[in-house]
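Single-letter residue listing:
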Amino acid sequence: MGKKKYKKQLLTSLKSLGKSEYLILKSMTNLMIQRELKKNNITFKDGDTFSFKDNIFDYSEDKNIRKLAKLRRQMLKTMNKLVMKNKFKDKEIKFLS
């Protein structure tokens, strides 16, 4: 495999990891809203926004959410290592922002 094809395959892998990371974040957020916010009788109206820090998932009562949060952190760490080790340029990885 040539150098360009190898690099292209790495970028494809990073794109896949990025999409998976987003889906895990979305899933954790939905799980938390469905279970914990409902349990505490917290409601939202149309137009309301909800913001939180990333580590909120680490303190969830739901062990599945905590496990997903750990997996997501590992994915982000791996993605960062791939980017740093292979010295990708900003324009090559703009899809990760």
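Scroll up to find the structure this text is about.
Here's a quick rundown of the structure. (Residues numbered from 1 in each chain as written. Predicted model: local features only at pLDDT ≥ 70, side-chain atom pairs only at ≥ 80, totals over all residues. Heavy atoms only, no water.)

1. Some remarks on the side chain of threonine 29
Filter applied, for reference: Counting from the N terminus, the helices are the DSSP runs of H or I reaching at least four residues and the strands are the DSSP runs of E reaching at least two. Each residue is placed in one exposure class: buried if its accessible area under a 1.4 Å probe, protein chains only, is under 20% of its type's maximum, exposed if it is over 50%, and partly exposed if it falls in between. Whether two residues are in contact is decided by their heavy atoms: any pair within 4.5 Å suffices.
By the element assignment, threonine 29 lies in helix H1 (residues 3–39). Since its relative accessible area comes to 18%, threonine 29 is described here as buried. Look past the residues within four positions of threonine 29 in its chain and what remains in contact with it is Phe52 and Phe57.

2. Some remarks on the environment of lysine 94
When you line up the elements, lysine 94 lands in the segment after helix H2 (63–86). A residue is classified by how much of its surface remains accessible, and lysine 94, at 61% relative accessible area, is exposed. A sequence separation of 88 residues divides lysine 94 from tyrosine 6, and the C-alpha atoms of the two residues are 19 Å apart.

So far we have only geometry, and geometry alone does not tell us how the molecule works.
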